[in-house]
Amino acid sequence: MRVVLADGADERARAAAASLAAEGLAEPVLLDDPAGACSPAVRAHAEASAWCERIDIDDPLHVAALMVAAGEADACVGGASRPSADVVRAALFCIGPAPGIDTISSCFLMVLADGTPVTYGDCGVIPEPDADQLASIAMATAATHAQLTGETPRVAMLSYSTKGSAEGAGVERVRAATQIVRDRMGSLAIDGELQFDAAWDRGVAAAKAPGSEVAGRANVFIFPDLDAGNIAYKITERLAGARAYGPLLQGTAGAIHDLSRGCDADDIVSVALIAACQAAQRRS
């Protein structure tokens, strides 16, 4: 897979490109000269976009995303030195949402110290999702988890309440989102509202949510808002020694992923490989 690294001037991206090429993992394209990458096909896609007036062909992130849209690259990764909002705008303006998708969101693949993978959503895009958006985040994150880990997703819709232990507008929103997902994807194992301890610990789950097929066994965690999700992934990374891969964008018509500004070269390699794997699955 041909993967564009939009942070071409960043030493971390250069080191990642060298690793990808040396190990034959992907064909990296370091984008440090947007003008040189603006082919006729790239310009045509920029002009055809519904957001054409907001596309900047001097911005490496926009050009990298346009290369994916134009079929000149299979995937792109960027944001090592840019805010997540810039990457999301590039995805929206230059690639657009996938057919039938109205919510672009994100997740983090978290690999715990013992190698256990869990997936957190949304930690990087939608500040205060409504019930429909929260349901979309849950379905997209479950699909991403299954795609990247090969596991059957078990989705916990997180809250400060477990099964009616508290009330409030936020709790009602989580309950509504859970029901929307059940109505749309009856085969998906999902439960909510659940506090994190009930979602993760089987002993707590037996006391707080007996009979739940998810409580105590969840591997996908959906946070009620961006505050909770962003704080949680950083705590898991820093205090639990987990590796955090992402933010991985979901709902786009092509593979494009964000990078934390605190990433290292190995993180860029990993996210580039995730993007390449997803691009290969799209192609097949």
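Since this is a predicted model, take the numbers as computed values, not measurements.

Chemist: Report on the packing of helix α3 (residues 40-48) against helix α4 (residues 60-69), specifying residues and quantitative values.
Modeler: Two measures define how a pair of helices packs: the angle their axes make with one another and the distance between the axes. Look at α3 against α4: their axes get within 9 Å of each other, and the N-to-C directions meet at 95°. The angle between the axes of α3 and α4 places the two elements in the roughly perpendicular class. On α4, the residues that touch V42, H45 and A46 of α3 are L66, M67 and A69. Tallied by class, the residues present in the contact of α3 with α4 amount to five nonpolar, one polar and no charged.

Chemist: An account of the state of the cysteines is needed here, citing residue identities and associated values.
Modeler: Covalent bonding between the sulfur atoms of two cysteines defines a disulfide. Evaluated as defined, the whole model comprises zero disulfides. Looking at the unpaired C52, the closest cysteine sulfur is the one in C94, lying at 11 Å. Looking at C263, it has no disulfide partner, and the nearest cysteine sulfur is the one in C76, 15 Å off.

Chemist: Got a sec to walk through the nonpolar core? Specific residues and values, please.
Modeler: The biggest cluster of nonpolar side chains holds 46 residues, and the ones touching the most others in it are V4, M67, V155, M157, I222 and I256. Where this core is concerned, the elements lending two or more residues are α3, α4, α5 (84-95), α6 (131-149), β6 (154-158), α7 (169-184) and β8 (220-222). Not counting residues up to four positions away in its chain, the partners in contact with V155 are A138, A142, L188, A189, I190, D191, V214, V220 and I222. Counting 25 residues, the second largest nonpolar core, distinct from the first, contains L5, A80, C107 and V269.

Chemist: How would you summarise α7 if you had to cite specific residues and measurements?
Modeler: The terminal C-alpha atoms of α7 lie 23 Å apart, and with 16 residues this matches the ideal 22 Å at 1.5 Å per residue to within 8%. Along α7, the residues classified as buried are V171, V174, A177, T178, I180 and V181. On its buried face, α7 sits against α6, β6 and β7 (189-194).

Chemist: Provide a residue-level description of the environment of S260, including the pertinent values.
Modeler: Checked against the element boundaries, S260 lands in the loop between β10 (255-258) and α11 (265-283). Judged by its relative accessible area of 24%, S260 is partly exposed. Taking C-alpha positions, S260 is 7.7 Å from S84, a pair spaced 176 residues apart along the chain. If we skip the residues at most four places from it in the chain, S260 touches G79, A80, Y233, G246 and P247.

Chemist: Outline the pairing of strand β3 (residues 75-78), supporting the account with residue identities and numerical values.
Modeler: Taking every second residue as pointing to the same face, both faces of β3 are buried, with A75 and V77 on one and C76 and G78 on the other. Here strand β1 (residues 2-5) pairs with β3 via three bridges, running parallel. Each residue of the ladder has a partner; that of L5, found in β3, is V77. Two strands pair when backbone bridges link them, and β3 and β10 are joined in this way by four bridges, in the parallel orientation. Of the residues in β10, the one forming a bridge with V77 is H257.

Thresholds applied
Residues numbered from 1 in each chain as written. Predicted model: local features only at pLDDT ≥ 70, side-chain atom pairs only at ≥ 80, totals over all residues. Heavy atoms only, no water. Axes fitted to C-alpha atoms, helices over the stretch in contact; angles between N-to-C directions. Helix = DSSP H or I, 4+ residues; strand = E, 2+ residues; numbered from the N terminus. Parallel < 35°, antiparallel > 145°, perpendicular 65-115°, else oblique. Contact = heavy atoms within 4.5 Å. Nonpolar A, V, L, I, M, F, W, Y, C, P; charged D, E, K, R; others polar. Disulfide = S-S within 2.5 Å. Core = buried A, V, L, I, M, F, W, Y, C linked by side-chain atoms within 4.5 Å. Buried < 20%, exposed > 50% of the residue type's maximum accessible area, 1.4 Å probe, protein only. Expected span 1.5 Å × (residues − 1). Pairing = 2+ DSSP bridges.

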